[in-house]
Amino acid sequence: MSLYSGLTATAAKLLLKYGQSVVLKYETGGTIDPATGVVTVPATQETVAGYGAATRYKNAEIDGTLIKSSDQRLILERVAVVPQQGWRAQVSGKEYKVMDVMPVSPSGEDVIYICQLRLN
């Protein structure tokens, strides 16, 4: 086991113990006929479950544009699919839009993801 595999496992254990359940939702597939603009195959909604810790941003980080006072920072364990901007995240019974994702990858292997979440 590499050092970073150990870090990934440690992060997952800590987030499981001290964090909370997080469900990420996103759409895949779907086809639109470019000539007519009609959906020919509807998209399907996929979900990814994991554990994370949501915190508020510090006042000094809030600029009102890129980061708003209601935004949350989510420290998320490495999940099966790398989260993407535009996905939805359900945390503490509230649904947020994923605004930004920063993988923490000290040696090329993702350990955790730091996500900026915004209330819908």
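Refer to the preceding data block for the structure.
The residue numbering used here restarts from 1 in each chain and proceeds along that chain's sequence as written. Totals for whole chains, interfaces and linings use every residue, but because this is a predicted model, local features are given only for residues with pLDDT of at least 70 and side-chain atom pairs only at 80 or more, for both listing and counting. Note: side-chain values were computed over all heavy atoms of the structure, leaving out hydrogens and water.

The strand order around the closed barrel built from six strands is β1-β2-β3-β6-β5-β4, with neighbouring strands paired in antiparallel fashion. Strand after strand, the sheet turns through a mean of 45 degrees between neighbouring axes, direction not considered. Pairing between strands requires that DSSP locate at least two bridges from one strand to the other. Counting from the N terminus, the helices are DSSP H or I runs at least four residues long and the strands are E runs at least two residues long. Where strand β4 (residues 88-91) lies against strand β5 (residues 94-104), four bridges are found, and the strand directions are antiparallel. Counted as the bridge partner of Val-91 is Lys-94 from β5. To obtain each axis, a line is fitted to C-alpha atoms, and for helices this fit is confined to the stretch in contact; angles are then taken between N-to-C directions over 0 to 180 degrees.

To continue, consider the nonpolar core. Generally speaking, nonpolar side chains in soluble globular proteins are found buried as a group. For this analysis, a nonpolar core means a set of buried residues of the types Ala, Val, Leu, Ile, Met, Phe, Trp, Tyr and Cys, connected via side-chain atoms within 4.5 Å. The classification of residues rests on relative accessible area computed with a 1.4 Å probe and restricted to protein chains. Under 20% of the type maximum is buried, over 50% is exposed, and intermediate values are partly exposed. Membership of the largest hydrophobic core comes to 16 residues, with the highest contact counts inside it found for Leu-24, Leu-76, Cys-115 and Leu-117. Contributing elements (two or more residues each) for this core: β1 (20-32), β3 (72-77), β4, β5 and β6 (112-119). Note on definitions: a residue-residue contact is assigned when non-hydrogen atoms from the two residues lie within 4.5 Å. Once residues lying within four places of it in the same chain are set aside, the contact partners of Leu-76 are Leu-15, Val-22, Leu-24, Tyr-51, Gly-52, Pro-83, Ile-112, Tyr-113 and Cys-115.

Our next topic: unusual backbone geometry. Not every positive phi belongs to a glycine, and Ser-92 is a case in point at roughly 55 degrees. Checked against the element boundaries, Ser-92 lands in the loop between β4 and β5. Under the relative-accessibility criterion, Ser-92 is labelled exposed at 54%.

On to the pattern of salt bridges. By definition here, a salt bridge exists when the distance from a side-chain nitrogen of Lys or Arg to a carboxyl oxygen of Asp or Glu is within 4 Å. For the structure on display, the rule yields four salt bridges. For Asp-71, the salt bridge identified is with Arg-118, shortest N-O distance 2.9 Å. In this pair, Asp-71 is assigned in the loop between β2 (39-56) and β3 and Arg-118 in strand β6, connecting sequence segments 47 residues apart. What makes Asp-71 buried here is its relative accessible area of 1%. A relative accessible area of 14% means that Arg-118 is categorised as buried.

The next thing to look at is the pairing of β4. Alternating residues of β4 divide into Ala-89 and Val-91, all buried, and Arg-88 and Gln-90, none buried. Sheet topology places β1 next to β4; four bridges connect them, and they run antiparallel. Looking at the pairing, Lys-25 lines up with Arg-88 of β4. Connecting β4 to the antiparallel partner β5 that follows it, the hairpin turn spans two residues, and Ser-92 within it adopts a positive phi of roughly 55 degrees.

With that out of the way, let us pick up the environment of Pro-103. Turning to its location among the elements, Pro-103 is positioned in strand β5. Of the residues examined, Pro-103 reaches a relative accessible area of 37% and is grouped as partly exposed. Those residues in contact with Pro-103 that sit more than four places away from it in its chain are Asp-110, Ile-112 and Tyr-113.

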